[in-house]
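So the chains spell out like this:
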Amino acid sequence: RYVWRFDCGGHNLAGSGAVSFKGYTMKQDFETHSTITCPLCNHDETEEMPTDSCQYFYDCKGCGEVLKPKQGDCCVFCSYGTVACPPIQFDRNCC
């Protein structure tokens, strides 16, 4: 589990622990890893979430099923993960 602290003046400072995401400056902690559980075979895998895009598809490493977001969710992490994607963690629209 990784928790990042972002606090910058609108500059992309990823190397120093601060990031600007889609025009928003992140100034609070958020998690970058989530455990996805396949609804078909119950295989779970911890994955790193993208911080600059949504992940619409995920290939289950247990059964090979291609997971897609549930209706109303923005990405597979919000549908099947233990942690929502970073934009949702910040109460922002994902895409």
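Since the structure is predicted, the reported quantities are computational estimates derived from the model, not experimental observations.

## With respect to unusual backbone geometry
Within the chain, Asn-42 stands out as a residue other than glycine whose phi angle is a positive 65 degrees. Topologically, Asn-42 is positioned in the loop between strand S5 (33–37) and strand S6 (44–48). With relative accessibility at 58%, the residue Asn-42 sits in the exposed group.

## Some remarks on the confidence of the model for the protein
When pLDDT is averaged along the protein, the result is 76, and 66% of the positions lie at 70 or above. Counting interchain partners and residues more than four positions distant, the pLDDT-below-50 stretch residues 1–18 has 43 contacts.

## What about the nonpolar core?
Where a protein is soluble and globular, its nonpolar side chains tend to be buried together. Membership of the largest hydrophobic core comes to 14 residues, with the highest contact counts inside it found for Ile-36, Leu-67, Cys-75, Val-76 and Phe-77. Looking at which element gives the most residues to this core, the answer is helix H1 (residues 76–80), with three residues. Setting aside residues up to four positions removed in sequence, Leu-67 forms contacts with Ile-36, Cys-38, Pro-39, Tyr-56, Phe-57, Tyr-58, Val-76 and Tyr-80.

## A short note on the environment of Val-76
Along the chain, the position of Val-76 falls in helix H1. Look at Val-76 and you get buried, because its relative accessible area is 0%. Once the C-alpha coordinates of Val-76 and Ile-36 are considered, the two residues, 40 residues apart in sequence, prove to be 7.9 Å apart. In this view, Val-76 contacts Ile-36, Gln-55, Tyr-56, Phe-57, Tyr-58, Leu-67, Lys-68, Pro-69 and Gly-81; residues no more than four positions away in its chain are not counted.

## Observations concerning the pattern of salt bridges
Tallied over the entire structure, the rule returns one salt bridge. With its nearest N and O atoms 2.5 Å apart, the salt bridge here joins Lys-61 to Glu-47. Here Glu-47 lies in strand S6 and Lys-61 lies in the loop between strand S7 (58–59) and strand S8 (66–67), a separation of 14 residues in the sequence. Judged by its relative accessible area of 51%, Lys-61 is exposed.

Criteria and thresholds
Residues numbered from 1 in each chain as written. Predicted model: local features only at pLDDT ≥ 70, side-chain atom pairs only at ≥ 80, totals over all residues. Heavy atoms only, no water. Helix = DSSP H or I, 4+ residues; strand = E, 2+ residues; numbered from the N terminus. Buried < 20%, exposed > 50% of the residue type's maximum accessible area, 1.4 Å probe, protein only. pLDDT = per-residue confidence, 0-100. Contact = heavy atoms within 4.5 Å. Core = buried A, V, L, I, M, F, W, Y, C linked by side-chain atoms within 4.5 Å. Salt bridge = Lys/Arg side-chain N within 4 Å of Asp/Glu carboxyl O.

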